[in-house]
Amino acid sequence: MRELFELFTTFALIGSMTFGGGYAMLPILSREIVEKRHWANEEELLDYFAIGQCTPGIIAINTATFIGVRRRGVKGAIAATLGMIAPSLIIIVLIAMFLSNFMELAWIQHAFSGVRIAVCALIASTVVKLFKRNSNTWLKVLFTLLAFISVAIVGLSPILPTVFFAVLGVFMFKGRLTA
């Protein structure tokens, strides 16, 4: 029961400090899950994050669910997922109740501008970290650039390069544990 409570409170803490979605939370997840609690290593966390990206739902919640399952099975998944959801639910309800009355205030608009800047910095940090960890060969760099170009410049749905490179990775790197 103690570990379930710890899963809940850890992910509630992460969920309460995460603005900007799943990508922005990777540095916080890394600090809490890998460095502080040793529930996963950096490679495993990136795998959970990648799987969370490819499965339906919100990346942050999917990642919390995977870590919860690994720690304590289905009960762990429920505790971690509820912990991740609870702060957002409370914050959204409070915002819905009060913010519409104050949205025209200049300081509220400026605060949101500042939050957007911080979120951009967190996402950029995550992109750099993911690129460094996953682009350790010229072939992976090429794949990364092709995926980026197909989504950011050509305008393809992210689903297409994700599926394409997942299938390509299975065939190109099969037989190797670390590609």
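Every value quoted in this text rests on a predicted model; they were computed, and no experiment measured them.

The rules behind the values
- Residues numbered from 1 in each chain as written.
- Predicted model: local features only at pLDDT ≥ 70, side-chain atom pairs only at ≥ 80, totals over all residues.
- Heavy atoms only, no water.
- Helix = DSSP H or I, 4+ residues; strand = E, 2+ residues; numbered from the N terminus.
- Buried < 20%, exposed > 50% of the residue type's maximum accessible area, 1.4 Å probe, protein only.
- Contact = heavy atoms within 4.5 Å.
- Salt bridge = Lys/Arg side-chain N within 4 Å of Asp/Glu carboxyl O.
- Phe/Tyr/Trp six-rings, centres within 6.5 Å; stacked < 30°, edge-to-face > 60°.
- Lys NZ or Arg CZ within 6 Å of the ring centre and 35° of its normal.
- Expected span 1.5 Å × (residues − 1).
- Arc of directions from axis to C-beta.
- Axes fitted to C-alpha atoms, helices over the stretch in contact; angles between N-to-C directions.
- Parallel < 35°, antiparallel > 145°, perpendicular 65-115°, else oblique.
- Left-handed = near helix turned anticlockwise from the far one by under 90°.
- Nonpolar A, V, L, I, M, F, W, Y, C, P; charged D, E, K, R; others polar.
- Patch = residues over 30% accessible without salt bridge, like charges linked within 9 Å, V, L, I, M, F, W, Y side chains within 5 Å.
- Areas by Shrake-Rupley, 256 points an atom, 1.4 Å probe, with all protein chains shown as cover.

A. Looking closely at the overall build of the protein. Helix and strand counts for the protein come out as seven helices and zero strands. The order of α-helices and β-strands along the protein, N terminus first, is α-α-α-α-α-α-α. C-alpha atoms of the protein, sized along the principal axes, occupy 55 × 45 × 25 Å. Out of the 179 residues belonging to the protein, those deemed buried represent 30%. Considering only contacts in the protein between residues 6 or more positions apart, those separated by 24 or more positions represent 54%.

B. Region of interest: the environment of Gly 52. Relative to the helices and strands, Gly 52 is located in helix α3 (residues 42–54). The exposure class of Gly 52 is buried, given its relative accessible area of 0%. It is 9.0 Å that separates the C-alpha atoms of Gly 52 and Ala 64, two residues lying twelve residues apart in sequence.

C. Representation of the pattern of salt bridges in the model. Within this structure, the stated rule accounts for seven salt bridges. Put simply, Glu 42 and Lys 129 hold a salt bridge, and the shortest N to O gap is 3.4 Å. Taken as a pair, Glu 42 in helix α3 and Lys 129 in helix α5 (residues 106–134) lie far apart in primary sequence, 87 residues in all.

D. Region of interest: the packing of aromatic side chains. Throughout the structure, instances matching the rule amount to three aromatic pairs. For the pair Tyr 48 and Phe 66, a centre-to-centre distance of 6.3 Å together with 25° between the ring planes defines the contact as stacked. Here Phe 66 lies in helix α4 (residues 59–102) and Tyr 48 lies in helix α3, a separation of 18 residues in the sequence. Ring pairing ties together the aromatic residues Phe 143, Phe 164 and Phe 165, which thus form one cluster. Just above the ring of Trp 39 sits the side chain of Arg 37; from NZ or CZ to the centre is 5.8 Å.

E. Fine view of α3. Taking 1.5 Å of rise per residue, the 13 residues of α3 would be expected to cover 18 Å, and the 18 Å separating its terminal C-alpha atoms lies within 8% of that figure. Taken together, the buried positions of α3 are Glu 42, Leu 45, Leu 46, Tyr 48, Phe 49 and Gly 52. Taken around the axis of α3, the buried residues stretch over an arc of 160°, which confines them to a single face.

F. Geometry of the packing of helix α6 (residues 138–153) against helix α7 (residues 159–173). Close contact between α6 and α7 brings their axes to 10 Å; oriented N to C, the two are set at 165°. If you check the angle between α6 and α7, you find them roughly antiparallel. Here the hand of the crossing between α6 and α7 comes out right-handed. Where α6 abuts α7, its residues Leu 139, Lys 140, Phe 143, Leu 146, Ala 147, Ser 150 and Val 151 lie against Pro 161, Phe 165, Leu 168, Met 172 and Phe 173. Looking at the contact of α6 with α7 residue by residue, the class counts come to ten nonpolar, one polar and one charged.

G. Inspection of a nonpolar patch on the surface at higher detail. The grouping of Ile 85, Leu 89, Ile 90, Val 93, Leu 94, Met 97, Phe 98, Phe 102, Leu 105 and Trp 107 at the surface amounts to a nonpolar patch, some 980 Å² of accessible area in total. When residues in the nonpolar patch are grouped by element, the largest group, eight residues, is from α4. Summarising the element assignment, Phe 98 is placed in helix α4. Relative accessible area serves as the criterion here: at 42%, Phe 98 is assigned to the partly exposed category.

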